[in-house]
Amino acid sequence: MSTVKENVKYAESHEWVMVEGEIATIGISDYAQHALGDIVYVDLPEEGDEVEAGETFGAVESVKAASDLISPVSGEVVEVNSELEDAPELINKDAFGTWMIKVKLSDSSELDALLDAAAYAKICEE
Amino acid sequence: MKEYDKLIFEISRPGRKGYELPADRYATDGLGAIPASLRRDEPLDLPEVSELDVVRHYTNLSNKNFGVDTGFYPLGSCTMKYNPKINEELASMREFSGLHPLQPAETAQGALELYWNLQRALSSLAGLEEFTLNPYAGAHGELTGLMVMRRYHELRGDDKRTKVIVPDTAHGTNPASAMVAGLEVVEVKSKPNGSIDVEDLKPLLDDTVAGIMMTNPNTLGMFETEIMEIAELVHKAGGLLYYDGANFNPLLGKVRPGDMGFDIMHINLHKTFSTPHGGGGPGSGPVGVARNLVDLLPMPRVVKNEDGTFGVLTDGDKSLGSVSTFFGNFGVMMKAYAYILSLGRDNIKEVGPMAVLNANYIKESLKDLYKLPIEGHCKHEFVFDGLADKSTGVTTLNVAKRLLDYGFHAPTIYFPLLFHESMMIEPTETESLETLDEFIDVMRKVAIEAAEDPESVKNAPLTTPISHPDETTAAKKPILSYKQMCEANN
Amino acid sequence: MSNRYIPHTDADKARMLERIGVGSVDELYNDVPQQVVFRGEYDLPEGMSEPELREWFAKLGAANNVLKVFGGNGAYDHYSPSVISHLLERSEFYTAYTPYQPEISQGTLQYIFEYQSMISELTGMESANASMYDGATAAAESMFMMVASARKKNRVLVSATLLPQVRRVIATYMKFHGVELTELPAKDGVTDFGVLDAELAKGDVAGVMVPSVNRYGIVEDLTGVADRIRAAKGALAVYCDPSALAVLKTPGEWDADIACGDGQTLGMPLQFGGPYLGFIACRKDMLRKMPGRVVGATVDRDGKRCYVLTLQAREQHIRRQKATSNICSNQSLMALYATVYVALMGPEGLKEVNRLSCDGAHYLYNQLLATGKFHAVYDKPFLKEFVVKTDLDVKRVNRYLADHGYMGGVEIEPGVLEFAVTEKRTKEEIDTLVKLMLEA
């Protein structure tokens, strides 16, 4: 049903992270968008906010469900995908192509605790 | 009947009116004395319609509604019992409806006596010492009750107790009320049969726990048989027990929450005591407490004076404060008390048992076609986990919508969260055997349709004024007023 | 033993027990521990037939004294057109639950949509919810909205000129929820905005609540207030009377973020304090922090216009402890009340209600001052409510008035009386009131 993208890291709470240099780009997985159904609203932080690994940084809402977004990494939010304000359905269309926030990493060792695609795929199967 | 699809704004014609007021006989110009800078500049775009326009418009709207008076309404955990008509009439008596909440107590003795009588009646039915009738609804009662709990610990000088334990099966209101009351929620796990896992509870009970919120029978309609042990454990740990009265109906005549060790509870007068739900209120959520908590109740309180008259308390050192502008939804209380008087001390004992009999009768009549996840005698309601035969792809939502075609309201669906296809059925005691049999027949028919022609069920409803509304667009691009609708159409 | 609300005959019970496979109804309670089974008698009267019930209520009603009301203080004796009670008695409306099944609840959903539209129009705000319990709880929840929107600020300011019973509910809610509350003092009968900047400068203020018409009946001047608050990244909530907004500057015009208050003034009976109608309306950017039910327009599968509960992911049944509020049931039928009232009155009727009330209030004010026994307290503009002070023995005066069928002013401070006049009061009644007070 849902796909898992290679070459990105995953949190157990279904966020994906792609790292380039010291910037981590974060979104939610295809599995997560599938589970939520039609996404109608995304609540995201503001640029300049600090996020912490394991803490909530926002929420996604469908018609009859809401799910917190948990940050897989710590750092400062340097960019927020403002397109999602008017077009939250982009996440349903392409979960891996639609990022939510970009974070300047404050501790890159946190990445080691995240799952690779194979391990994440296993969680989705369960 | 012709299909009516207008908004009141759309039948407006400039210059039309639906009122008549006395002529202004004052030689003063009051509004002129208010500076223009404090007066409204913006135009006031409200409907201009005749009296008959209004009457037809809302009568037509009412025809698109389904109420208890229309048909069977087995909405689980909502206790949709019959709303007696005499109650409506009595509550609108001018001798009560014309009373200002701040008029001198000596001039409102009848209202105060009724109010006090209802406090006494609920105390007796609940096995608790005293009630406040101020809270406006069940959730408001929960919030008030949790404030009592926090005030109790505060007065003891115990500021460590910041957590409240809530079963993972609880209705969402419980944790939300705890959040509003400033308490942190700790979930206690349920056993596979839905009752609280006492072994999981024990380690949670430390000196940071203010108390536990639970209902009995629980969310699945099953009695928590270990309630006495739970009460003892919580009390021993220094906490209080809160009883969510959403499920009080089956206990009427059989068990009093106070006797099970509960210290605080709320009652939904619009469930157990027959006052109408009004399409979502006004309800009333009185909160009862044990003896040691009486002085903590919110103000105002109605008391009986030594000389037999009735008075109003507005201040108290120990009181938690206030949760309402005045006395609460007094009109709703009048209806509830009329119901209590109609039944009286003997007939009221039949309420719980007959509600339980009705629920078990439906359960036993359908459990071959619908999946019953928990065996045993339920109380006032029970939960099916969808159709027994899941191979057709017909969901609980489909069954619920198909019931509408057959003239029944749907059960509560997708709650509790314990099962994927929850369908929660509560018939109440006011329904006759014939009505239950009709419902059972239709439920069986829908199960057979699901097996033989699943698409027809998935397509339901077919006979209602609308079908399959687009809720996604509604949430994505909210249109919440006529003005926004006009803007969206342009 | 069946009765008029429980239809079970002995034959019915026998058949049902047989299907269930138990011998008695008691057996269905076998899982209840024996020590908690109630075997006593409830402390209640014996059941009453309908004629007896009527008699009982008539007797109690006779112990009440319905007065010609000249008090206000949060509850106003406006006229309720006959049509309203007839429409509210349609049981398709009042015996329905919250409209969870939109297919068979379009009646409820559409009137809520109309109600939201009317509240938005009256307050000048973009969006309203489906109702709150009462004005005080709507005010408290508005404070939460401002705290939730502000992020990381946890203090709110409330004007001391707001009704005391509303402030008391706000204080109770803030205390338990853990929000710091500071009072903006009153000066000369209005909010003292002189201290506002100093409070805002502390950087921790999420929002400020002030009344549109205050506890002394005075219309507050909020010029520039919203800008000052917004400059400090806070929000402004205005507590208002929706009927009065037909003639007074709206929260929208004052550039507020939230409008809240009690809709009892839209013709609702006094009913000893309830049910009334809390309301909240707000700007678009606060919409998702707004508590309670909200109805939105959409289309069904055939493209037919219809209405549904929407933005439900904010609510307690989905969000649990992360919800914006715990409210479920609200005052839906009272929202219908307000809707029918506003439909009947229309823009001109609402203005006329206010003009009559305002003229009557000014007439009473002038008559009172002319007696020499009542004196002005403030020299500020008022609508239908005002305060005067007196050296008369207020308790004796009010008792005398009650004996003659009148409710006089509410004593809000020693020797200070608050009076309200609505379109229901006549010039003759005002003259009588003044005469009785002098006689007392």
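What you are looking at is a predicted structure, and each value in this text was computed from that prediction instead of being measured.

Participant: Would you explain the overall build of chain B in this entry?
Facilitator: In terms of regular secondary structure, chain B is built from 15 helices and twelve strands. The C-alpha atoms of chain B give 25 Å as radius of gyration, which agrees with the globular expectation for 490 residues (23 Å, within 12%). The C-alpha extent of chain B, read off along each of the three principal axes, is 75 × 70 × 45 Å. The 490 residues of chain B split such that 68% are buried. Look at the contacts in chain B between residues 6 or more apart in sequence, and 68% of them connect residues 24 or more apart. Distance from the positive charge centre (47 side chains) to the negative charge centre (68 side chains) of chain B: 1 Å.

Participant: How should the interface of chain C and chain B be read in this particular structure?
Facilitator: Interface size, as often reported, equals the accessible area lost upon joining of the parts. Chain C puts 192 residues into the contact, and the matching count from chain B is 213 residues. Summed over both sides, the interface of chain C with chain B buries roughly 17900 Å², with 62% coming from carbon and sulfur. Where chain C packs against chain B, one counts 17 salt bridges. Our count for the chain C to chain B interface comes out at 110 residue pairs in polar contact (both at pLDDT 80 or more). When residues in the side of chain C that touches chain B are grouped by element, the largest group, 26 residues, is from helix 11 (residues 332-371) of chain C. Per-class residue counts for the side of chain C that touches chain B are 94 nonpolar, 56 polar and 42 charged.

Participant: Help me understand the sheet that holds strand 3 (residues 155-159) of chain C, please; the structure alone is not making it clear to me.
Facilitator: The pairing of strands in a sheet comes from backbone hydrogen bonds and takes either a parallel or an antiparallel form. Residue and element names in this part refer to chain C. On the basis of which strands lie adjacent, the open sheet formed by seven strands has the order 2-10-9-8-7-3-4 and mixed pairing. A strand with exactly one partner marks an edge of an open sheet, and here the two such strands are strand 2 (127-128) and strand 4 (180-184). Relative to strand 10 (residues 278-282), helix 5 (residues 106-123) is tilted by about 70°, and along the sheet it contacts strand 2, strand 8 (235-240), strand 9 (258-262) and strand 10.

Participant: What should I look at first to understand the packing of aromatic side chains in this one?
Facilitator: The description of an aromatic ring pair rests on the distance of the ring centres and on the angle between the ring planes. Evaluated as defined, the whole model comprises 37 aromatic pairs over all chains. Judged by centre distance (5.8 Å) and plane angle (70°), the ring pair of Y115 of chain B and F327 of chain B falls under edge-to-face. Of this pair, Y115 of chain B sits in helix 4 (residues 109-126) while F327 of chain B sits in the loop between strand 9 (310-313) and helix 9 (330-347); the two residues are 212 residues apart in sequence, bridging distant segments of the chain. A relative accessible area of 4% places F327 of chain B in the buried class. Considering the side-chain rings of Y97 of chain C and Y100 of chain C, the 5.8 Å spacing of their centres and the 40° angle between planes classify their relative orientation as tilted. For Y97 of chain C, a relative accessible area of 10% translates into the label buried.

Participant: For this particular structure, what's the right way to read unusual backbone geometry?
Facilitator: Across the chain, the bulk of peptide bonds are trans and the bulk of non-glycine residues have phi less than zero. The residue after G281 of chain B, namely P282 of chain B, is reached through a cis peptide bond having omega 5°. The linkage connecting G274 of chain C with the following residue, P275 of chain C, adopts the cis geometry, with an omega of 5°. By the secondary structure assignment, P275 of chain C is in the loop between strand 9 and strand 10. Unlike most non-glycine residues, D255 of chain C shows phi in positive territory, near 70°. Its location among the elements puts D255 of chain C in the loop between strand 8 and strand 9. Using a relative accessible area of 28% as the deciding quantity, one classes D255 of chain C as partly exposed.

Participant: What is the right way to look at the interface of chain A and chain B in this model?
Facilitator: Of the residues lining the interface, eight residues belong to chain A; the matching set on chain B comes to five residues. Of the roughly 510 Å² buried at the junction of chain A and chain B (both faces included), carbon and sulfur atoms supply 55%. In this structure, the connection of chain A to chain B is made through one salt bridge. The partner of E89 of chain A in a salt bridge is K476 of chain B, with the nearest N and O atoms 3.5 Å apart. Between chain A and chain B we count three residue pairs in polar contact (both at pLDDT 80 or more) in total. Taken together, the residues that form the side of chain A that touches chain B break down as four nonpolar, no polar and four charged.

Participant: Can you help me understand the side chain of T208 of chain B in this one?
Facilitator: All names here are of chain B. Its location among the elements puts T208 in the loop between helix 7 (198-201) and strand 4 (209-214). At 2.6 Å, the side chain of T208 and the side chain of D206 are in polar contact. Not counting the four nearest positions on each side in its chain, T208 is found in contact with K160, R161, T162 and K163.

Participant: Would you explain helix 6 (residues 135-150) of chain C in this entry?
Facilitator: Residue and element names in this part refer to chain C. Helix length check: helix 6 (16 residues) gives 23 Å between terminal C-alpha atoms against 22 Å at 1.5 Å per residue, within 8%. With 14 of 16 residues buried, helix 6 lies mostly within the body of the structure. Among the residues trailing helix 6, R151 stands out with phi positive, at a value near 55°.

Basis of the calculations
- Sequence order as written defines the numbering, with residues in each chain counted from 1.
- Chains and ligands are labelled by the order in which they are written, letters from A for the one and numbers from 1 for the other.
- Reporting in this predicted model follows two pLDDT cut-offs: at least 70 for local features of residues, and 80 or more for side-chain atom pairs to be given and counted; totals over whole chains, interfaces and linings ignore these cut-offs and use all residues.
- Only heavy atoms go into the side-chain values, all of them from the structure, while hydrogens and water stay out.
- A run of H or I in DSSP counts as a helix once it spans at least four residues, and a run of E counts as a strand once it spans at least two, with each numbered from the N terminus.
- Each radius of gyration is computed over the set of C-alpha atoms, and the globule rule expresses the reference value as 2.2 Å times the number of residues to the power 0.38.
- Here's how the labels work: a residue is buried when its accessible area is under 20% of the maximum for its type, exposed when over 50%, partly exposed in between, all with a 1.4 Å probe on protein chains only.
- Contact criterion: two residues are considered in contact whenever any of their non-hydrogen atoms come within 4.5 Å of each other.
- The charged-residue count follows a simple rule in which Lys and Arg add positive charge and Asp and Glu add negative charge, with His and chain termini not counted at all.
- By convention, charge coordinates are those of NZ in Lys, CZ in Arg, CG in Asp, or CD in Glu.
- Buried area is a sum: the accessible area each of two parts loses on coming together, probed at 1.4 Å, counted once for each and added.
- Only one rule defines a salt bridge in this text: a Lys or Arg side-chain nitrogen within 4 Å of an Asp or Glu carboxyl oxygen.
- Any pair of N or O atoms that falls within 3.5 Å is considered a polar contact. Within protein, one atom must be able to donate a hydrogen and the other to accept it, and sequence-neighbouring residues count only if both atoms are side-chain atoms.
- Classification used: nonpolar for Ala, Val, Leu, Ile, Met, Phe, Trp, Tyr, Cys and Pro, charged for Asp, Glu, Lys and Arg, polar for all others including Gly.
- The rule for pairing is simple: two strands pair if DSSP sees at least two bridges between them.
- Every angle, taken between N-to-C directions, lies between 0 and 180 degrees, and every axis is a line fitted to C-alpha atoms, over only the stretch in contact when it is a helix.
- Pairs were defined over the aromatic rings of Phe, Tyr and Trp, the Trp ring being its six-membered one, requiring ring centres within 6.5 Å. Orientation was assigned from the angle between planes: stacked under 30 degrees, edge-to-face over 60, tilted for the rest.
- Here a helix's expected span is defined as the number of its residues, less one, multiplied by 1.5 Å.

Scope: geometric values only; no functional claims are made or implied.
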